[in-house]
Amino acid sequence: MVCAFLVNSQQLFLCLTGYERKWNLQTEQTSLRFYSTGMTLDNINKPDIDRIIRVDHAGEYGANRIYAGQMAVLGRTTVGPVIQQMWNQEKDHLKKFNELMVTFRVRPTILLPFWNVAGFALGAGTALLGKEGAMACTVAVEESISAHYNNQMRTLMEEDPEKYKELLQIIKKFRDDELEHHDIGLDHDAELAPAYSLLKTAIQIGCKAAIFLSERI
Amino acid sequence: MAAAGSLRRAGWGLLRCPPVLRCPAQRAFYASALMRRASDEQKQELPPSSSQQRYESHPPGDRPDQEPQRSHHSYTDQGGEESEDYESEEQLQQRILTAALKFVPAHGWTADAIAEGAKSLGLSVAAAGMFHTDGSELILHFVSQCNSELSNLLEQQQKLVQLGQAEKKKTDQFLRDAVEARLRMLIPYIEKWPQAVSILLLPHNIPASLNLLTSMVDDMWHYAGDQSTDINWYTRRAVLAGIYNTTELVMMQDSSSDFEETWHFLENRIADAMTMGHTAKQVQSTGEALVQGLMGAAVTVKNLAGLNQRR
């Protein structure tokens, strides 16, 4: 995935001086260049891309904290390594969205401190119900996130699949990762959790609310 | 025929409400009166986009009657009656406001200045009727222009740094220079600026002026190299906005030569902000160390009590 982007500030600069630009891309440690037929700061639908990146960033941040909470309770049990591995993947996702956020000058959601605490609480709380509870939480959250990514991919494709190709690829890969986590959760007896369907519904409602708020605030 | 054409243009004017200038209902009425005038000074411009940055081609008060020739905008496709170098209502407004800036030191930020500006372009004085009587649009136009100018300046500086022709500044020096550069744009109008600030604080202007302030502060931090993606994003911008506003207030009361006291004040505020940032980091790391210490103590106690066994 990373090899699709050129990490070369010289080339980026040469690309930029060719024509008038309103904004300049930061070329500090992380310089990303999207091919010139793709997304640039000037030709994208900024409000929509803003929302997409903001909510996805918030989502990955929240997922990080959920896994952190689960690890805090179940880290030293047999299911610890499984959760750790899923957590590492979420860390990668968050890193990617941090980069995208800087590149496209997107404002992060102001609710981040709240998602910090709420995510950890959710992860730790469900983990206290046992490893099945933690897996049920994973299943619920990953299902919500996959559906959400699918919606975003639909929106981007409806608008301009060529222009948003790189972003679509990123979201697709992340969606596939989340579906994998969902399946891992099911494999590890998520459905045996206490009040599984109630728990799952409640968590998914919370996810929907979080998505709604993070897009806007 | 001409009347129908002008009414249609006025109608389009109502539809294209820019975020900075609002569309009072009487605009359409006066717009139709203005549409019949000498066409020799009409040049073509890009259509105003919904972004606030569209003023970047206009240095404040400079060459108000010359615009760079650009491609025809899409509004001429809407009817065969418009000529090829038709100027939209908003472009006209921009030109009038830019021309009016020259008269602000004499007349203040009022409809009088706008009327004088219109007169200087060869238009009727009634053109000032297109705008609010309190001069808000003139001030917002000016602030927007200054912000675009600042943006261009910072971008050029960044290009020089990337080319290796200039040294990269430290954050506090960069912010100091950026705020100073931006405030210096107020110097020609400093006498009447308190009036402008009070108008910008009127409730109906607050959304627009807040928008301009936040986008300016965001620009400054972006070019300063801010890459934060957490709550720091907000705190940094809030702090810089506070510094900018207080320095602006000091500047309005400053009578020293070349506003030395203002820049001195600015330097102190930025130093304060940097110290605050460092202190916050130190508090955080101390807190973390403390928490780790407590966790270690808790684990020790659990070990001693025999509670720490692998499940």
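On a predicted model such as this, the values are computed, not experimentally measured, just so you know.

## Brief notes about the overall build of chain A
Right, so step 1: Helix and strand content of chain A: seven helices and zero strands.
Right, so step 2: Reading the secondary structure of chain A in the N-to-C direction produces α-α-α-α-α-α-α.
Right, so step 3: The burial tally for chain A puts 53% of its 217 residues in the buried class.
Right, so step 4: Counting contacts in chain A only where the partners sit at least 6 residues apart, residues at least 24 apart contribute 79% of the total.

## Some words on the nonpolar core
Right, so step 1: Counting residues in each nonpolar core, the largest one holds 60 residues, and the members touching the most others are I96, W109, L138 and W193 of chain B.
Right, so step 2: For this core, the secondary-structure elements that each account for two or more residues are α3 (89-100), α5 (111-120), α6 (136-163), α7 (171-184), α8 (193-200), α9 (206-224), α10 (232-253) and α11 (260-305) of chain B.
Right, so step 3: The element contributing the most residues to this core is α9 of chain B, with nine residues.
Right, so step 4: In this structure, V106, A136, I170 and I184 of chain A belong to the second largest nonpolar core, which totals 45 residues.

## Remarks on the side chain of R182 of chain B
Residue and element names in this part refer to chain B.
Right, so step 1: Structurally, R182 can be placed in helix α7.
Right, so step 2: For the buried residue R182, which engages in no salt bridge, the nearest side chain bearing the opposite charge is E248, 6.4 Å off.
Right, so step 3: Beyond its immediate chain neighbours, meaning those up to four positions away, R182 contacts V143, C146, N147, L150, M216, M220 and Y244.

## What to know about the UniProt feature "binding site: Fe cation 2" (unreviewed entry) in chain A
Residue and element names in this part refer to chain A.
Right, so step 1: The UniProt record marks E90, E142, E178 and H181 with the feature "binding site: Fe cation 2" (unreviewed entry), using the residue numbering of this structure. A stretch of 92 residues holds the annotated residues, and the largest C-alpha distance among them is 11.0 Å, short enough that they meet in one place.
Right, so step 2: Dropping the residues within four chain positions of it, E90 is found in contact with E60, A63, N64, Y67, E142, E178 and H181.
Right, so step 3: Note on placement: E142 falls in helix α5 (residues 131-159).
Right, so step 4: Exposure remark for E142: the relative accessible area of 2% places this residue in the buried category.

## Some details on a nonpolar patch on the surface
Right, so step 1: On the surface, I110, F212, L213 and I217 of chain A together with I231 of chain B cluster together into a nonpolar patch covering about 400 Å² of accessible area.
Right, so step 2: Of note, I110 of chain A is situated in the loop between α3 (80-103) and α4 (112-128).

## Details of the packing of aromatic side chains
Residue and element names in this part refer to chain B.
Right, so step 1: According to the stated counting rule, one finds eight aromatic pairs over all chains in the structure shown.
Right, so step 2: Geometrically, the ring pair formed by W109 and W193 is edge-to-face, given 5.6 Å between the ring centres and 70° between the ring planes. Highlighted residues: W109 in the loop between α4 (104-107) and α5 and W193 in helix α8, separated in sequence by 84 residues.
Right, so step 3: Judged by relative accessible area, W109 falls into the buried class, the value being 0%.
Right, so step 4: Seen in terms of ring centroids, F142 and W193 are 5.6 Å apart; in terms of plane orientation they differ by 70°. Their pairing is edge-to-face. Linking F142 in helix α6 with W193 in helix α8, this pair joins segments that are 51 residues apart in sequence.
Right, so step 5: Under the relative-accessibility criterion, W193 is labelled buried at 2%.
Right, so step 6: Three or more aromatic residues joined by ring pairs form one cluster here, namely W109, F142, Y189 and W193.

## Some words on the UniProt feature "binding site: Fe cation 1" (unreviewed entry) in chain A
All names here are of chain A.
Right, so step 1: Sites flagged by UniProt as "binding site: Fe cation 1" (unreviewed entry) map to E60, E90, H93 and E178. The greatest C-alpha distance among the annotated residues, which extend across 119 residues, is 10.4 Å, indicating that they converge on a single site.
Right, so step 2: Here E90 lies in helix α3.
Right, so step 3: Note on placement: E178 falls in helix α6 (residues 165-187).
Right, so step 4: Those residues within four positions of E178 in sequence are excluded, and the remaining contacts are E60, E90, H93, E142, I145, S146 and Y149.

## Observations regarding unusual backbone geometry
Apart from glycine, the bulk of residues carry a negative phi angle, and the bulk of peptide bonds sit in the trans form.
Right, so step 1: Positive phi values are uncommon outside glycine, yet A195 of chain A reaches one of about 55°.
Right, so step 2: Tracing the backbone shows A195 of chain A in the loop between α6 and α7 (196-216).
Right, so step 3: By relative accessible area, A195 of chain A is classed as exposed at 51%.
Right, so step 4: Here D258 of chain B, not a glycine, exhibits a phi torsion of approximately 55°, which is positive.
Right, so step 5: A relative accessible area of 46% means that D258 of chain B is categorised as partly exposed.

## What about α3 of chain A?
Right, so step 1: Its 24 residues give α3 of chain A an end-to-end C-alpha distance of 35 Å, which sits within 8% of 34 Å, the value for a rise of 1.5 Å per residue.
Right, so step 2: Where α3 of chain A terminates, the next one or two residues include R105 of chain A, which has phi positive at roughly 50°.

## Overview of α8 of chain B
Residue and element names in this part refer to chain B.
Right, so step 1: Taken residue by residue, α8 has W193, A196, V197, I199 and L200 as its buried positions. Viewed along the axis of α8, the buried residues span an arc of 160°, placing them on a single side of the element.
Right, so step 2: Where α8 is buried, its residues contact α6, α9 and α10.

Conventions we followed
Residues numbered from 1 in each chain as written. Chains lettered and ligands numbered in written order. Predicted model: local features only at pLDDT ≥ 70, side-chain atom pairs only at ≥ 80, totals over all residues. Heavy atoms only, no water. Helix = DSSP H or I, 4+ residues; strand = E, 2+ residues; numbered from the N terminus. Buried < 20%, exposed > 50% of the residue type's maximum accessible area, 1.4 Å probe, protein only. Contact = heavy atoms within 4.5 Å. Core = buried A, V, L, I, M, F, W, Y, C linked by side-chain atoms within 4.5 Å. Lys, Arg positive; Asp, Glu negative; His and termini not counted. Salt bridge = Lys/Arg side-chain N within 4 Å of Asp/Glu carboxyl O. UniProt positions renumbered as here; feature names shortened; annotations may be inferred. Patch = residues over 30% accessible without salt bridge, like charges linked within 9 Å, V, L, I, M, F, W, Y side chains within 5 Å. Areas by Shrake-Rupley, 256 points an atom, 1.4 Å probe, with all protein chains shown as cover. Phe/Tyr/Trp six-rings, centres within 6.5 Å; stacked < 30°, edge-to-face > 60°. Expected span 1.5 Å × (residues − 1). Arc of directions from axis to C-beta.

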